[in-house]
Amino acid sequence: MEARAQARFIRVTPRKARRVVDLIRGLPAAEAQAVLRFAPQAASEPVGKVLNSAIANATHNFNLAQDTLVVARTWVDEGPTLKRFRPRAQGRAYRINKRTSHITVVLESLEDGAPVKKTRRAR
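All figures in this text were calculated on a predicted structure; none of them were measured in a lab.

1. Quick notes on the pairing of strand E4 (residues 93-98)
- In this sheet, E4 lies alongside strand E3 (residues 82-87) in antiparallel orientation, the contact comprising six bridges. In the sheet register, Phe-85 faces E4, and the bridge partner there is Arg-95.
- Between E3 and E4, which pair antiparallel in sequence order, lie five residues; one of them, Gln-90, sits at a positive phi of approximately 60°.

2. What about the side chain of Thr-68?
- Structurally, Thr-68 can be placed in the loop between helix H3 (44-61) and strand E2 (69-78).
- Among the residues examined, Thr-68 registers a relative accessible area of 13% and is labelled buried.
- Of note is the side chain of Thr-68, whose polar atom sits 3.3 Å from the side chain of Ser-109.
- Among residues more than four places away in sequence, those in contact with Thr-68 are Glu-108, Ser-109, Leu-110 and Glu-111.

3. What to know about the pattern of salt bridges
- Evaluated as defined, the whole model comprises four salt bridges.
- Measuring nitrogen to oxygen at the nearest pair gives 2.7 Å for the salt bridge that ties Arg-25 to Asp-22.
- A salt bridge links Lys-49 to Glu-45, with the nearest nitrogen and oxygen atoms 4.0 Å apart. Here Lys-49 pairs with Glu-45, and both are found in helix H3, just four residues apart, close to one helical turn.
- Overall, Glu-45 belongs to the exposed group, its relative accessible area being 52%.

4. Details of the nonpolar core
- Counting residues in each nonpolar core, the largest one holds 27 residues, and the members touching the most others are Val-47, Leu-51, Leu-69, Val-105 and Leu-107.
- Put simply, the parts of the chain that give this core at least two residues each are strand E1 (2-10), helix H1 (14-24), helix H2 (29-38), H3, E2 and strand E5 (101-109).
- It is H3 that provides the largest number of residues to this core, a total of six residues.
- Excluding residues within four positions of it along the chain, Leu-51 makes contact with Ala-29, Ala-32, Gln-33, Leu-36, Val-71, Val-105 and Leu-107.

5. So, the environment of Arg-11
- Among the secondary structure elements, Arg-11 is positioned in the loop between E1 and H1.
- With a relative accessible area of 46%, Arg-11 lands in the partly exposed category.
- When the C-alpha positions of Arg-11 and Thr-81 are compared, they lie 9.5 Å apart, and in sequence the two are 70 residues distant.
- When neighbours within four sequence positions are excluded, Arg-11 is seen to be in contact with Leu-82, Lys-98, Arg-99 and Thr-100.
- A polar side-chain atom of Arg-11 sits 2.9 Å from the main-chain carbonyl oxygen of Arg-99.

What counts as what
Residues numbered from 1 in each chain as written. Predicted model: local features only at pLDDT ≥ 70, side-chain atom pairs only at ≥ 80, totals over all residues. Heavy atoms only, no water. Pairing = 2+ DSSP bridges. Helix = DSSP H or I, 4+ residues; strand = E, 2+ residues; numbered from the N terminus. Buried < 20%, exposed > 50% of the residue type's maximum accessible area, 1.4 Å probe, protein only. Polar contact = N/O pair within 3.5 Å; in protein donor to acceptor, adjacent residues only side chain to side chain. Contact = heavy atoms within 4.5 Å. Salt bridge = Lys/Arg side-chain N within 4 Å of Asp/Glu carboxyl O. Core = buried A, V, L, I, M, F, W, Y, C linked by side-chain atoms within 4.5 Å.

And the structure:
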């Protein structure tokens, strides 16, 4: 059984959000929450909210135990880009791209296919 959650039109660039979701892919849900809580990146807050929503979906909708949940898949898609203009010297205008993201987290229960736990390497 898998539970998923998605947040769309989040005002963080997809490249920066992908750095954060790569940290939690394959981890148990509780460990992934701890990693996101102490990650210094600003994108860890919206990713953490999506993870918490996926955990709530799994426990409420599918009656899965929270300690058996593993982050099976997670990805970040690019949303629409807001185009803004910044005044520059000599009457010119430069375009500023404010990018948005669609963040998706999919959790699986360990009881189902027994996905392999990701091992943390010391750096």
